[in-house]
Amino acid sequence: MEKRIVASGIAALLLGLYSPVMSAMYSIENPADKIYNPAGKMRNPASDIKNPADTIHNPAAHMDNPNPLSPVTPQVVHQPDIKEATTSDTAELIKAPLHPHLKIALPRKNYHFKTEKAYLAAAKNAFIRDNYREFVSITEDALRRIDAGTLRASSKTKRTLDKYRKYGYGMLEKGDD
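Below is a short write-up of the structure. (Residues numbered from 1 in each chain as written. Predicted model: local features only at pLDDT ≥ 70, side-chain atom pairs only at ≥ 80, totals over all residues. Heavy atoms only, no water.)

Topic: the overall build of the chain
For step 1, the next point in the chain: Each helix and strand in the chain was counted, giving six helices and zero strands.
For step 2, the next point in the chain: Reading the chain from its N end, one meets helices and strands in the order α-α-α-α-α-α.
For step 3, the next point in the chain: Across the 177 residues of the chain, 16% fall into the buried class.
For step 4, the next point in the chain: Once local pairs closer than 6 in sequence are excluded, the contacts in the chain between residues at least 24 apart make up 65%. (Helix = DSSP H or I, 4+ residues; strand = E, 2+ residues; numbered from the N terminus. Buried < 20%, exposed > 50% of the residue type's maximum accessible area, 1.4 Å probe, protein only. Contact = heavy atoms within 4.5 Å.)

Here it is in structure tokens:
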């Protein structure tokens, strides 16, 4: 029985010594190991996360719980530089035309059209009837609603309504002369 144990020990020893040789014979070479990747060594600026807003002191963040120990800082009011007006400056200011809608007072009217196309159609009908006061009131109401956000319109329609308003005021001035 001793011979079997010794024989099995010798066999295990020989197989144990032979296994690294077998693994070296059947090793798999990875061709990707030879690839040089320069991007792995490049600096990525996106990895540096520095938020400049973290360092800004925001006093509004402490509005609910103000610190009574902190000193009150007065707000500095910037005064614009006042230059002396010359006669040529005042002459230019006098010659500058005022906005035409400031010269003519029109009562404010509210129209209840649902779309900007309805406003444009109503303004065109008022223009065809030569009712320039209504023409201007419709365009001003449409522009007022667009600015308030209760009427959606494209920028092209807004420009068209603004042109209509300026043209209507011009027609009202011509009619008053």
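Quick notes on the nonpolar core
For step 1, the next point in the chain: Membership of the largest hydrophobic core comes to 18 residues, with the highest contact counts inside it found for Tyr119, Phe135, Val136, Ile138, Leu161 and Leu172.
For step 2, the next point in the chain: Of all the secondary structure elements, the ones that give two or more residues to this core are helix H4 (116-128), helix H5 (132-148) and helix H6 (155-176).
For step 3, the next point in the chain: In this view, Phe135 contacts Ala123, Ala126, Phe127, Tyr164 and Gly168; residues no more than four positions away in its chain are not counted. (Core = buried A, V, L, I, M, F, W, Y, C linked by side-chain atoms within 4.5 Å.)

Overview of unusual backbone geometry
For step 1, the next point in the chain: Non-glycine residue Asp130 carries a positive phi angle of around 60 degrees.
For step 2, the next point in the chain: Of note, Asp130 is situated in the loop between H4 and H5.

Some remarks on the pattern of salt bridges
For step 1, the next point in the chain: Taken as a whole and assessed by the stated rule, the structure comprises five salt bridges.
For step 2, the next point in the chain: Arg129 is the partner of Glu134 in a salt bridge, and the nearest nitrogen-oxygen pair spans 3.0 Å.
For step 3, the next point in the chain: Classification of Arg129 by relative accessible area gives exposed; the value is 51%.
For step 4, the next point in the chain: The residue Asp147 makes a salt bridge to Lys158 at a minimum N-O spacing of 3.0 Å. Of this pair, Asp147 sits in helix H5 while Lys158 sits in helix H6, placing them 11 residues apart in sequence. (Salt bridge = Lys/Arg side-chain N within 4 Å of Asp/Glu carboxyl O.)

Looking at the side chain of Glu134
For step 1, the next point in the chain: Secondary-structure assignment places Glu134 in helix H5.
For step 2, the next point in the chain: The residues contacting Glu134, other than those within four sequence positions of it, are Tyr111, Ala126 and Arg129.

Section: the side chain of Thr139
For step 1, the next point in the chain: Here Thr139 shows up in helix H5.
For step 2, the next point in the chain: Side-chain polar atoms of Thr139 contact the backbone oxygen of Val136, separated by 2.8 Å.
For step 3, the next point in the chain: When neighbours within four sequence positions are excluded, Thr139 is seen to be in contact with Ala123, Leu161, Tyr164 and Arg165. (Polar contact = N/O pair within 3.5 Å; in protein donor to acceptor, adjacent residues only side chain to side chain.)

So, the environment of Phe135
For step 1, the next point in the chain: Summarising the element assignment, Phe135 is placed in helix H5.
For step 2, the next point in the chain: Residues Phe135 and Asn125, spaced 10 residues apart in sequence, show a C-alpha to C-alpha distance of 8.2 Å.

That is the geometry; function is a separate question.
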